[in-house]
Amino acid sequence: MEISELDLMIRDNAQIKNFNRYSFLLTELVKRDISGKYKDSTLGLFWSFLNPLLSMIVLTMVFSQFFGGSIPNFPVYLLSGKLVFDLFANATTGAMDSIKGNSEIIKKIYVPKYMFAVGIVCSEFINFLISLIVLIAVMLVTGAPFYMSLLYSPIPLFFLLLLTMGVGLILATATTFFTDIKYLYGVLIMLLSFMTPLFYPIEMIPEQYLILFKINPLYAAVKCFRDIVLAGTFPEMKFFIYLVITSIAALAIGIYVFKKYQDDFILNI
């Protein structure tokens with residue numbers, strides 16, 4: 001065996017041991033983020049149910065007048081896409097401030113810095129899972145069928161989590177050095193929300209512009225999830241493969257960028 005390969009194995013094993021050693025920290029960070037998200041509100045965690053429900057009702061009232069006729073079960077179509085998009089948007093936005101927001105801890109003691117970004121993403125994923133109860137309720141009320149394909153739903157959601165984790169690590173690194181990125185990212189998220197068919201059918205987009213929408217990984221994630229929930233099939237293979245490739249690539253880039261620059265964080269927080 002080459003020495004470089006042996007060194008790589010030892011290094012990877014050390015990373016796993018380090019993660020296991022501080023896994024309790026990740027658990028505490030997730031608990032803190034979940035409890036802190038609505039700590040000053042009267043309804044508390046109930047907002048995880050109420051927020052997507054109210055958003056769906058308002059958007060359905062507005063956009064069903066325009067697109068409801070061409071989209072079967074518009075409320076489920078809208079909510080299934082919005083939940084996926086909101087997971088990505090909320091988790092990546094939260095990850096941006098994960099380093100500077102925990103600067104006092106980072107300055108005082110050693111902890112793996114990536115835990116803060118990962119903790120944000122994991123807490124938002126748990127909120128997403130809670131919000132799925134609302135989707136199930138809406139499906140029941142609207143009479144949507146529950147297909148056996150729902151058993152496939154963890155597969156695209158797993159890769160969505162990887163995509164979100166990777167982008168979150170990239171943003172956490174970049175924002176530590178360039179604070180203005182978080183303001184630009186707000187505009188980008190708004191643009192992505194219109195370039196992901198959340199409340200309209202993709203068929204309404206002119207052919208010459210379709211490629212701009214289909215290279216959006218969030219479109220692939222939403223499409224895969226809707227195939228399972230609404231169409232009762234395994235996700236269309238070309239979109240599923242694209243989601244897998246972009247998710248793994250985003251995570252690999254995120255880990256590389258974060259590891260490369262994490263030692264300089266202390267100089268910028």
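Here the structure is a predicted model, which is why all the values come from computation and not from measurement.

### What about the overall build of the chain?
Okay, so step 1: Counting its regular elements, the chain contains 11 helices and 0 strands.
Okay, so step 2: Ordered by position in the sequence, the α and β elements of the chain form the string α-α-α-α-α-α-α-α-α-α-α.
Okay, so step 3: Counting only residues that meet the buried cut, the chain has 48% of its 269 residues in that class.
Okay, so step 4: Put simply, 76% of the contacts in the chain that link residues at least 6 apart link residues at least 24 apart.

### Examining helix α7 (residues 154–177)
Okay, so step 1: Along its 24 residues, α7 runs 35 Å from first to last C-alpha, staying within 8% of the 34 Å computed at 1.5 Å per residue.
Okay, so step 2: Taking burial as the measure, the 24 residues of α7 include 18 buried ones, the bulk of the element.

### Thoughts on unusual backbone geometry
Okay, so step 1: Positioned with a positive phi, Asn-73 is a non-glycine residue whose angle comes to about 50 degrees.
Okay, so step 2: In this structure, Asn-73 sits in the loop between α3 (47–67) and α4 (74–96).

### Here's the deal with helix α11 (residues 237–261)
Okay, so step 1: Between the first and last C-alpha of α11 there are 36 Å, a value that for 25 residues agrees with the 36 Å anticipated at 1.5 Å per step.
Okay, so step 2: Listed as buried for α11 are Phe-239, Phe-240, Leu-243, Val-244, Thr-246, Ser-247, Ala-250, Gly-254, Val-257 and Phe-258.
Okay, so step 3: Looking at the buried side of α11, the elements it contacts are α6 (114–142), α7, α9 (210–214) and α10 (217–231).

### Concerning the pattern of salt bridges
Okay, so step 1: Inspection of the entire model under this criterion finds 7 salt bridges.
Okay, so step 2: Salt-bridge contacts for Lys-82 lead to Asp-86; the nearest nitrogen and oxygen are separated by 2.7 Å. Residue Lys-82 and its partner Asp-86 are both found in helix α4; the two are separated by 4 residues, about one turn of the helix.
Okay, so step 3: Residue Asp-86 is classed as partly exposed on the basis of its relative accessible area, which comes to 24%.
Okay, so step 4: Between Glu-236 and Lys-223 there is a salt bridge, with its nearest N and O atoms 3.1 Å apart. In this pair, Glu-236 sits in the loop between α10 and α11 while Lys-223 sits in helix α10, placing the two residues 13 residues apart along the sequence.
Okay, so step 5: When salt bridges with common partners are traced through the structure, they connect Lys-223, Asp-227, Glu-236 and Lys-238 into a single cluster.

Conventions adopted
- Residues numbered from 1 in each chain as written.
- Predicted model: local features only at pLDDT ≥ 70, side-chain atom pairs only at ≥ 80, totals over all residues.
- Heavy atoms only, no water.
- Helix = DSSP H or I, 4+ residues; strand = E, 2+ residues; numbered from the N terminus.
- Buried < 20%, exposed > 50% of the residue type's maximum accessible area, 1.4 Å probe, protein only.
- Contact = heavy atoms within 4.5 Å.
- Expected span 1.5 Å × (residues − 1).
- Salt bridge = Lys/Arg side-chain N within 4 Å of Asp/Glu carboxyl O.

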